[in-house]
Amino acid sequence: TQLLEQSPQFLSIQEGENLTVYCNSSSVFSSLQWYRQEPGEGPVLLVTVVTGGEVKKLKRLTFQFGDARKDSSLHITAAQPGDTGLYLCAGAKNNDMRFGAGTRLTVKP
Amino acid sequence: DAGITQSPRHKVTETGTPVTLRCHQTENHRYMYWYRQDPGHGLRLIHYSYGVKDTDKGEVSDGYSVSRSKTEDFLLTLESATSSQTSVYFCAISPQKGINEKLFFGSGTQLSVL
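Remember, it's a predicted structure, so these values are computed and weren't measured experimentally.

Q: What am I meant to see in the pairing of strand β8 (residues 73–78) of chain B here?
A: Remember that side chains alternate between the two faces of the sheet whenever the strand is regular. Residue and element names in this part refer to chain B. Among the six residues of β8, five are classified as buried, and the element is accordingly described as predominantly covered. Across six bridges, the pairing between strand β3 (residues 19–25) and β8 is antiparallel. Residue pairing for β8: His 24 is matched across the bridge by Asp 73. Two elements, strand β7 (residues 64–70) and β8, share five bridges in a ladder whose sense is antiparallel. If you follow Ser 65 over to β8, its bridge partner there is Thr 77.

Below you can see the structure in the form of structure tokens.
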């Protein structure tokens, strides 16, 4: 059983659509991160959220940390083919970083 | 991009043989990590290092050993490879640990154990 559950596992959408992916846990985290991974490469850090209820924006990407610091969401507005990739969330707890299994997003032109 | 080099990028080996994967960094970061990535499991920590000759076990350390004799190099050894160790292995580095931890990953090593 994963400490962090990500949903959906797979998502395929058309260019221009909006989407939200989720990262949920029953554990409280001191911080939560989102990474994007492209085929054949390692994950790249997108954002770190620390405070419950915190919202961060990175161009068309909006990240939110749940009030109780147990969950997070990533919303993409007007998705583009360049957004295609595996999105991973990772939670920091007791000096450990644990990863979810990821959401594989495909944006079709 | 963070200066992290993993070698080899691909390796095919036979069950029972020893395998060593190398991670080299040019960032002088204190913390280095080895993860494995498998479908449905995400990234799982094998071992990490918090300094030269200072290492600790991660979530899935059985069957693996590590060594860090220099700040820039972190080696992962499979003493006797098994088919369950077929995976993609990622090295990561970080300047600090905990709430402000930021992981920078290498490009990975695809290991197949036949």
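Q: What's the story with the state of the cysteines in this structure? I'm lost.
A: What we call a disulfide is simply a covalent bond connecting the sulfur atoms of a pair of cysteines. All names here are of chain B. Taken as a whole and judged by the stated rule, the model has two disulfides over all chains. What pairs with Cys 23 in a disulfide is Cys 91, and their sulfur atoms sit 1.9 Å apart. Negative torsions about the S-S bond denote left-handed disulfides, and the value of about -70° found for Cys 23 with Cys 91 makes this one left-handed. Of the two residues, Cys 23 is situated in strand β3 and Cys 91 in strand β9 (residues 87–94); the sequence distance between them amounts to 68 residues. For Cys 23, a relative accessible area of 0% puts it in the buried group. Exposure remark for Cys 91: the relative accessible area of 0% places this residue in the buried category.

Q: When you look at the nonpolar core in this model, what are you seeing that I'm missing?
A: The tendency in soluble globular proteins is for nonpolar side chains to be buried side by side. Of all hydrophobic cores here, the largest spans 21 residues; its most connected members are Leu 19, Leu 32, Trp 34, Phe 63, Leu 74, Ile 76 and Leu 105 of chain A. Listed by contribution, the elements that provide at least two residues to this core are β3 (19–24), β4 (31–37), β5 (44–49), β7 (61–65), β8 (71–76), β9 (85–93) and β11 (103–108) of chain A. In this structure Leu 74 of chain A touches Leu 19, Thr 20, Val 21, Trp 34, Leu 61, Thr 62, Phe 63 and Tyr 87 of chain A, once residues within four positions along its chain are discounted. In terms of nonpolar packing, the next biggest core, distinct from the first, is built from 18 residues, Leu 21, Cys 23, Val 66 and Leu 111 of chain B among them.

Procedures and definitions
- Residue positions within a chain follow its written sequence, with the count starting from 1.
- Here the convention is simple: chains get letters from A, ligands get numbers from 1, in the order in which they are written.
- Residue-level local features of this predicted model are given only where pLDDT is at least 70; pairs of side-chain atoms are given and counted only at 80 or more, and the full residue set underlies all totals for whole chains, interfaces and linings.
- For the side-chain quantities, the full set of heavy atoms in the structure was used; hydrogens and water were omitted.
- Think of it in three bands: with a 1.4 Å probe and only protein chains considered, a residue is buried below 20% of the maximum accessible area for its type, exposed above 50%, and partly exposed in between.
- Helix and strand definitions here come from DSSP, where helices need a minimum of 4 consecutive H or I residues and strands a minimum of 2 consecutive E residues; each element is numbered from the N-terminal end.
- DSSP bridges decide pairing: two strands pair if at least two such bridges lie between them.
- Here, two cysteine sulfur atoms that lie within 2.5 Å of each other are counted as a disulfide.
- Here, nonpolar core means buried Ala, Val, Leu, Ile, Met, Phe, Trp, Tyr and Cys residues that are tied together by side-chain atoms lying within 4.5 Å of each other.
- Residue contacts are counted whenever heavy atoms from the two residues lie within 4.5 Å of one another.

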